[in-house]
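Coordinate inspection notes
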Amino acid sequence: MPILVKELKQLSNRSFSILWSDDRFSVFTLSELQKNCPCAGCQESKGVCEEDVKALKISSVGNYALRIDFTKGCSRGIFTFQFLRTIHLERL
Ligand SMILES: [Zn+2]
């Protein structure tokens, strides 16, 4: 069973929450996600940490991922729900 997102809510311009299909709840900060940007460029350079990064826009890609337009730094990463879920589990 793939994990799906029941509800995505923007909490502030620096964080958002996801309610998962199994009723678990996660809060993500945008700086945390940008640090984990999965695009090839960031994976190579390990990116620059922008602690006060905000989102201009969060849009969904199909029904499996999110694309985030950050105010600065890299916005090329596609964050799949599976990937977000992995970050969530690592913090438990
Ligand atoms: Zn990137």
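Reference entry: report on the structure contained in this document. As the structure is a prediction and not an experimental result, all values here were calculated from the model. (Residues numbered from 1 in each chain as written. Predicted model: local features only at pLDDT ≥ 70, side-chain atom pairs only at ≥ 80, totals over all residues. Heavy atoms only, no water.)

1. Quick notes on the coordination of the zinc ion
- The zinc ion binds to the protein through Cys37 (SG), Cys39 (SG), Cys42 (SG) and Cys74 (SG); the donor distances cover 2.2 to 2.3 Å.
- Around the zinc ion, the four donor atoms are arranged such that angles at the metal cover 105 to 115°; this shape is classified as tetrahedral.
- Spacing between the donor residues of the zinc ion along their common chain follows C-x1-C-x2-C-x31-C. Summarising the burial analysis for this pair, Cys37 and Cys42 share the class buried. (Donors = N, O, S within 2.8 Å, 3.2 Å for Na, K, Ca; no water. Tetrahedral: all angles 85-135°; square planar, octahedral: opposite > 155°, others 65-115°. Buried < 20%, exposed > 50% of the residue type's maximum accessible area, 1.4 Å probe, protein only.)

2. Comments concerning the sheet that holds strand 4 (residues 55–61)
- Reading across from one edge, 4-5-6 is the order of the three strands in this open sheet, with antiparallel pairing throughout. Each edge of the open sheet carries a strand with a single partner, namely strand 4 and strand 6 (78–80). Strand-to-strand, the axes of this sheet are offset by a mean angle of 25°, without reference to chain direction.
- One ladder, built from six bridges, connects strand 4 with strand 5 (residues 65–70); its direction is antiparallel. If you follow Ala55 over to strand 5, its bridge partner there is Phe70.
- Across the face of the sheet, helix 3 (residues 81–91) comes into contact with strand 5 and strand 6 while running at roughly 70° to strand 6. (Pairing = 2+ DSSP bridges. Helix = DSSP H or I, 4+ residues; strand = E, 2+ residues; numbered from the N terminus. Axes fitted to C-alpha atoms, helices over the stretch in contact; angles between N-to-C directions. Contact = heavy atoms within 4.5 Å.)

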